[in-house]
Structures are given as structure tokens and as C-alpha cells.
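Summary of structural features
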Amino acid sequence: MRAIVVRTAGGPEALELVEVPVPRPGARQVRVRVEAAAVNPVDALTRAGTLAAAGLVAPREVTGIGWDVAGRVDEVGPDVTEFAPGDRVIGLRDRLDLPLGTYADQVVLDAAAVAPAPARLSAAEAATLPLNGLTADQALDALGLAAGATLLVTGAAGAVGGYAVELAAGRGLRVVASAGEEDEAFVRSVGAEWFVPRSADPAEAVRDLVPGGADAVLDAAVLGMAALGAVRNRGAFVSVVGGAAPTPLRGITVTELWVAADATGLARLSALADTGRLTPRVAGVLPLAEAARAHHRLAEGGLRGRLVLTP
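Notes on the structure follow.

Cut-offs applied
Residues numbered from 1 in each chain as written. Predicted model: local features only at pLDDT ≥ 70, side-chain atom pairs only at ≥ 80, totals over all residues. Heavy atoms only, no water. Helix = DSSP H or I, 4+ residues; strand = E, 2+ residues; numbered from the N terminus. Rg over C-alpha atoms; globule rule 2.2 N^0.38 Å. Buried < 20%, exposed > 50% of the residue type's maximum accessible area, 1.4 Å probe, protein only. Pairing = 2+ DSSP bridges. Right-handed = clockwise from strand over helix to strand, strands pointing away. Expected span 1.5 Å × (residues − 1). Arc of directions from axis to C-beta. Contact = heavy atoms within 4.5 Å. Core = buried A, V, L, I, M, F, W, Y, C linked by side-chain atoms within 4.5 Å. Salt bridge = Lys/Arg side-chain N within 4 Å of Asp/Glu carboxyl O. 1 Å grid on protein atoms, 1.4 Å probe; cavity = no way out; pocket = protein on both sides within 12 Å on 5 of 7 lines; lining within 4 Å. Points joined across faces, edges and corners; volume = space filled by probe spheres on them. Nonpolar A, V, L, I, M, F, W, Y, C, P; charged D, E, K, R; others polar. Axes fitted to C-alpha atoms, helices over the stretch in contact; angles between N-to-C directions. Parallel < 35°, antiparallel > 145°, perpendicular 65-115°, else oblique.

**Describing the overall build of the protein chain**
A count of helical and extended segments in the protein chain gives 10 helices and 16 strands. Computed over C-alpha atoms, the radius of gyration of the protein chain comes to 19 Å, within 12% of the 19 Å expected from 2.2 N^0.38 for 311 residues, which places it in the range of a compact globule. For the protein chain, the spread of C-alpha atoms along the principal axes amounts to about 60 × 40 × 35 Å. Burial status across the protein chain gives 54% buried among its 311 residues.

**Structural notes on the pairing of strand β9 (residues 150-154)**
Among the five residues in β9, five count as buried, and that is most of the element. Pairing analysis gives four bridges linking β9 to strand β10 (residues 174-179), with the strands arranged parallel. The residue bridging T150 from the neighbouring strand is R174, located in β10. One crossover worth recording links β9 to the parallel β10 by way of helix α5 (residues 159-170), and it is right-handed. For β9 and strand β12 (residues 214-219), the ladder comprises four bridges, and the chain directions are parallel. Each residue of the ladder has a partner; that of V153, found in β12, is L218.

**What about helix α9 (residues 263-274)?**
Since the α-helix advances by 3.6 residues per turn, residues separated by three or four positions end up pointing in the same direction. Compared with an ideal rise of 1.5 Å per residue, which puts 12 residues at 16 Å, α9 spans 16 Å between its outermost C-alpha atoms and is within 8% of the ideal. Within the span of α9, buried status applies to G265, L266, L269, S270, L272 and A273. Across the axial projection of α9, the buried residues extend over an arc of 160 degrees, all falling on one side. Along its buried surface, α9 packs onto β6 (88-92), β8 (114-116), α4 (130-143) and α5. G276 occupies a position one or two residues after α9 and carries a positive phi of about 80 degrees.

**Considerations on the sheet that holds strand β2 (residues 15-19)**
Ordered in space as β2-β1-β4, the three strands form an open sheet in which the pairing is antiparallel. Of all the strands in the sheet, the pair left with one neighbour each is β2 and β4 (63-64). With five bridges joining them, strand β1 (residues 2-6) and β2 adopt antiparallel strand pairing. From the neighbouring strand, V5 faces β2, where its bridge partner is E16.

**Topic: the nonpolar core**
One finds L151, V153, V165, L167, V187, L218 and L278 to be the most contacted residues of the largest nonpolar core, which totals 55 residues. With sequence-adjacent residues up to four places away left out, V153 is seen in contact with G161, A164, V165, V175, V176, A177, S178 and L218. A37, V69, V89 and L309 belong to the second largest nonpolar core, which has 29 residues in total.

**Concerning the pattern of salt bridges**
Enumeration over the complete set of coordinates arrives at 19 salt bridges. Overlapping salt bridges, with partners in common, bring together R24, R31, R33, D74 and E75 in one network.

**A look at empty space enclosed by the protein**
All told, the structure shown has two cavities of 30 Å³ or more when counted by the stated rule. Considered as a void within the structure, the largest cavity measures approximately 60 Å³ in volume. As for the largest cavity, its lining consists of T128, G158, A159, G162, Y163, E166, F186, T279, R281, G305 and R306. In terms of residue count, the dominant contributor to the lining of the largest cavity is α5 (four residues). Of the residues belonging to the lining of the largest cavity, the class tally is three nonpolar, five polar and three charged. Volume-wise, the second largest cavity comes out at about 30 Å³. Surrounding the second largest cavity, T46, V57, R60, T63, G64, R93, L96 and L98 form its lining.

**Side note on the layout of surface pockets**
Of the volumes computed, that of the largest pocket is approximately 1200 Å³. Lining the largest pocket we find 42 residues, and of these P41, V160, V240, V241 and R306 sit closest to its centre. Among the elements of the structure, α1 (41-48), α2 (50-53), α4, α5 and β10 are those that each provide at least two residues to the lining of the largest pocket. A class-by-class count of the residues in the lining of the largest pocket yields 23 nonpolar, 14 polar and five charged. Volume-wise, the second largest pocket comes out at about 300 Å³.

**Some remarks on the packing of α4 against α9**
Packing of α4 against α9 leaves a shortest axis separation of 10 Å and a crossing angle of 105 degrees. The pairing of α4 with α9 is recorded here as roughly perpendicular in orientation. Taken together, the residues of α9 that come into contact with α4 (itself represented by P130, G133, L134, D137 and D141) are G265, L266, R268 and L269. Tallied by class, the residues present in the contact of α4 with α9 amount to four nonpolar, two polar and three charged.

Below, the structure is given as C-alpha cells:
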């Protein structure tokens, strides 16, 4: 089968399309025939060797790329009873020690990292759910806010931020969305009560809207200390990018989220998407062989939603 791998870290040109043996599922695993794989910033960091330099990935001769997948189960391993060949699924490869990623014709995942795909979504749309949706959902879980609490979401028009706004509003939270001025209509459409332009000072702008500061911040734009100023004393802050959490001043609880594959969480996101309460956004679809082109486009910025590769 075909897979995108990196032998020597570097720019998009480091992505190679190679032939590799078809993987076989082990106990409590399934093999998925990939129909779509989203392109995420973490893929670019892996390709560039940044994760290896940080000690998050062990050095190896060949590194696979890709976390998100939507496709169909084509083989199940021993002791798997919840899936059968032909089932449409979504899944997340969160184990960085695996030799192959989801930029491939087929991928093997633990059954606990897979859930039924949303029936109403295309494979490309469904592939944008696992990493970004779970990151947003688990960040909200980490904050533990009660309905009626106020939450600032930075990077609210991005893939993680957009899901975070929508999921937070669905939990009954009052959301302040920070994004580019051109994105105000979108973030309000998915549940933001207030809007703060990205060009504004977040602390001042939020405190003008929410006297005393927001109860919490979900920092998808990696603003760090600048966004911490928008939080009330003894509030909460969650960073969705490793190594980007600010110092917990003023008694603020600061959490650095590391997303984990979770079949239950994926099933919940899938159900929300099926009822129209979660809005996927696909920035474009390219063939697997054009992964380097997708990474060039990712590096240019300005995307709304995720690029998706299809074998």
C-alpha cells in the first residue's frame, strides 16, 4: 500500500510517497481503509523534526504522518466485537511511536480510538472531527465550567477554536470569541455571544464586555500571557498547544492539554455532527500524492477549516 513518510526532516518536500507492507490489526485493533485524512499543524511539526527535537518522538529512519482518519473498517483483530468490515468510522492516531500515520491507504488503530462516522457527513468532513473536535471537547472538560459561566475562546475561527465555540455554547456557556474581523459572522453563527477582534488587546476588550474578567480562557491561538489578563482572579485557563501555557498568576488554574484518543468522545462528536450541532469546515481536498502541496498551503496560513487528503 501507499503511505506518506519522512526520512529526513525538512520542509514540505521532505514528504515522500512510498510503498509499504499492508499492516495487520492485532488484538483489540481495527484496520481502516482510509477515505480521508485531515492535514493539521502538528503534521507539519512532525515533518520538520520539531517533535523529535522536543523529545516527543523517538528518532527513527522513517516517520509516518497524520492523526485524523475517516474511512471504512476492512479488517478487525481478535476480541473486536463493536466493529465489522464495511463500517464507516472516524479515528485518531494519537500514538507518536507508531511507524505509520493516517496519510496512507490503510491504517491500524486501537478500537478504543475509533467510533462510528457521522452518517450525514462526507468522509472529508468527518476527517476534520477527531483531532480538532476532541481537543476542543477535552479542553472544555478540563475547565469544568458550569452552564452560564463566561469563556473566552481565542483563535475562535480556527479548526479547534470553531469547534470550541460551538461545543461551549452547546454546554450552556456564554462565549466571547476572539478572531479576525472578517470572521465575526461565522463565530456568532456557531454560538458566540460576544466578539473581540484579534487586533484588540484581549484583556481590555474582554473586561469591557465582562466586568471583572471571564471565568476562563480556552487559548487556541496561543496568546499565552496576553489572554491570561482576560481571566478573573482564581479563574481557569487551558492551552491546547504543548509548551505554551502561561504562568498561573492571580490564583488562576492553568492546564496544558495533551489530547487523547477516546472512542466515547468521538462517538459524542459524531452524534453532534449528525444532528447539525457541530459544523465541520473543509478548506480543500487534495489527493494523497499531493501531500507536499497541502503542507505548502498550510504554511501560507489563512485557511478556514482543514485541508484533507484522499487516497
